[in-house]
Amino acid sequence: MDGKPAAVDRYGVMGYPVSHSRSPVIHRLFALQTGENLQYELLQVAPSKLETAIRQFQRTGGKGLNITLPHKSEVTRLVDDLSERANSSGAVNTLVFRDKEIFGDNTDGIGLMRDLVGNLGLELKDASILILGAGGATRGIIGPLLDAEPKSITIANRTLSRARVLAEHFSASGPVTACRFREVKPSSSFDLIINATSASAKGELPPYPESAVTDRTFCYDLSYGLSPTPFSSWAARKGAARSVMGWGMLVEQAAESFDLWRGVRPDTQKVLEQLEISA
Ligand code: NAP
């Protein structure tokens, strides 16, 4: 013993902007719960500085990072090794620094599935699923949703070409089609509608397809807030069976990252209760 206190392992979330992120609170609650000695920082990094910031964090003893908007896709270029799920989604939200190597993974898809199936008890086999939005989050969740063998996945997006690219990319793995919001057939009825646009986060309410919601539709907004998001209020007004915000996914994807870094799985229900959020 040289009398020096043990260095604390450093982690953090890198984004731009990032001040709104709840990840530091969630990871501190995980650390307290599991007795892991770590610190977790908020790191605001502009796109032009991303590579330098990641290398510097690694060089100065950082053990791992969460990566958030707008860097999730760009960071795939900077890793030495990519998990299969990060490779198929083309996006990384978790970095693990191993010696001099960087491993990239994506825990968003598994986080959503743990919330939908594990916490909320949804049965997705043979379900008709509508995803609103065709950005990075949609890319990350389609593969895990297809693994649950739904009847169909329809991707509706404001910009049709982006939805088409995703439908083509995943159509070899399952029944995925693309359309515009207004082209969602009035006769379609969906078991699950996932809002993966960033409109809720911006307080906007796009012209979502009203006829898609029936009293047996479960609506899930990837966005979350302390009060209902525009999409979750809209879905409740349209008579959805249930309308839920993405807090559960946020905590579950964080737990998966924590497990990758520390080899310990936190109790996510306890943390959801501590955040005083009803999933
Ligand atoms: P992104 O790559 O920037 O994609 C944004 C998507 O939203 C695009 O499809 C875009 O349509 C659409 N959009 C934005 N504003 C719109 C509007 N006013 N009307 C209609 N469509 C609009 O973002 P992302 O990474 O996919 O993230 C999407 C959301 O998921 C964000 O709010 C993010 O915070 C949330 N998220 C939550 C979790 C969680 O753990 N709960 C995890 C990941 C992401 P166009 O293609 O037409 O531009």
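Residues numbered from 1 in each chain as written. Predicted model: local features only at pLDDT ≥ 70, side-chain atom pairs only at ≥ 80, totals over all residues. Heavy atoms only, no water.

**Some points on the pattern of salt bridges**
Consideration 1: Taken as a whole and judged by the stated rule, the model has 16 salt bridges.
Consideration 2: The salt bridge involving E183 is made with R180; its shortest N-O contact spans 3.0 Å.
Consideration 3: On the accessibility criterion, R180 (28% relative accessible area) is partly exposed.
Consideration 4: Linking E256 and R265 is a salt bridge whose minimum nitrogen-to-oxygen distance equals 2.5 Å.
Consideration 5: Exposure remark for E256: the relative accessible area of 10% places this residue in the buried category.
Consideration 6: Where salt bridges share partners, they join R85, D105, R114, E256, D259 and R265 into one cluster. (Salt bridge = Lys/Arg side-chain N within 4 Å of Asp/Glu carboxyl O. Buried < 20%, exposed > 50% of the residue type's maximum accessible area, 1.4 Å probe, protein only.)

**Description of the sheet that holds strand β2 (residues 38-44)**
Consideration 1: Spatially, six strands are ordered β2-β1-β3-β5-β6-β4 in an open sheet, and the strand pairing comes out mixed. Edge positions in the sheet fall to β2 and β4 (81-82), since each of these pairs with one other strand and no more.
Consideration 2: Of the strand pairs in this sheet, strand β1 (residues 9-15) and strand β3 (residues 62-67) are connected by five bridges, and their pairing is parallel. Among the inter-strand pairings, G12 is bridged to a residue of β3, identified as L65. (Pairing = 2+ DSSP bridges. Helix = DSSP H or I, 4+ residues; strand = E, 2+ residues; numbered from the N terminus.)

**Examining the domain arrangement of the chain**
Consideration 1: Each domain of the chain was delimited in the assignment, giving domain 1 (9-106 + 253-274) and domain 2 (109-245).
Consideration 2: For domain 1 versus domain 2, the distance between C-alpha centres works out to 26 Å.
Consideration 3: On the side of domain 2, 11 residues touch domain 1, which itself brings 11 residues to the contact.
Consideration 4: Taking both partners together, domain 1 and domain 2 bury about 810 Å²; carbon and sulfur atoms supply 48% of that area.
Consideration 5: Among the residues domain 1 hides against domain 2, the three largest losses belong to R22, S88 and S89. Together they make up 42% of the total. (Domains from an automatic or database assignment. Contact = heavy atoms within 4.5 Å. Buried area = accessible area lost by both parts, 1.4 Å probe.)

**Re the site of the ligand**
Consideration 1: Surveying the vicinity of the ligand reveals 28 residues, the closest of which are A137, N157, T159, R162 and E204.
Consideration 2: The contact in question runs from a nitrogen atom of the ligand to an N or O atom on the side chain of E204, over 2.5 Å.
Consideration 3: For the ligand, whose free accessible area comes to 930 Å², the fraction covered by protein is 86%.
Consideration 4: Judged by the proximity of its atoms to the pocket grid, the ligand belongs to the largest pocket.
Consideration 5: Elements with a minimum of two residues in the shell around the ligand: α5 (136-147) and α8 (247-262).
Consideration 6: Tallying contributions element by element places α8 first for the shell around the ligand, with three residues.
Consideration 7: Looking at the shell around the ligand residue by residue, the classes come out as 12 nonpolar, 10 polar and six charged.
Consideration 8: In terms of domain composition, the shell around the ligand takes at least three residues from each of domain 1 (9-106 + 253-274) and domain 2 (109-245). (Near = heavy atom within 4 Å. Polar contact = N/O pair within 3.5 Å; in protein donor to acceptor, adjacent residues only side chain to side chain. Areas by Shrake-Rupley, 256 points an atom, 1.4 Å probe, with all protein chains shown as cover. 1 Å grid on protein atoms, 1.4 Å probe; cavity = no way out; pocket = protein on both sides within 12 Å on 5 of 7 lines; lining within 4 Å. Sits in = over half its atoms within 2 Å of the grid points. Nonpolar A, V, L, I, M, F, W, Y, C, P; charged D, E, K, R; others polar.)

**A short note on empty space enclosed by the protein**
Consideration 1: Summed over the entire model, instances satisfying the criterion amount to one cavity of 30 Å³ or more.
Consideration 2: The volume enclosed by the largest cavity comes to roughly 30 Å³.
Consideration 3: As for the largest cavity, its lining consists of K72, A91, N106, D108, G136, A137 and G140.
Consideration 4: Per-element tally for the lining of the largest cavity: the top contributor is α5, with three residues.
Consideration 5: Residue composition of the lining of the largest cavity, by class: two nonpolar, three polar and two charged.
Consideration 6: Looking at which domains feed residues into the lining of the largest cavity, each of domain 1 (9-106 + 253-274) and domain 2 (109-245) gives three or more. (Points joined across faces, edges and corners; volume = space filled by probe spheres on them.)

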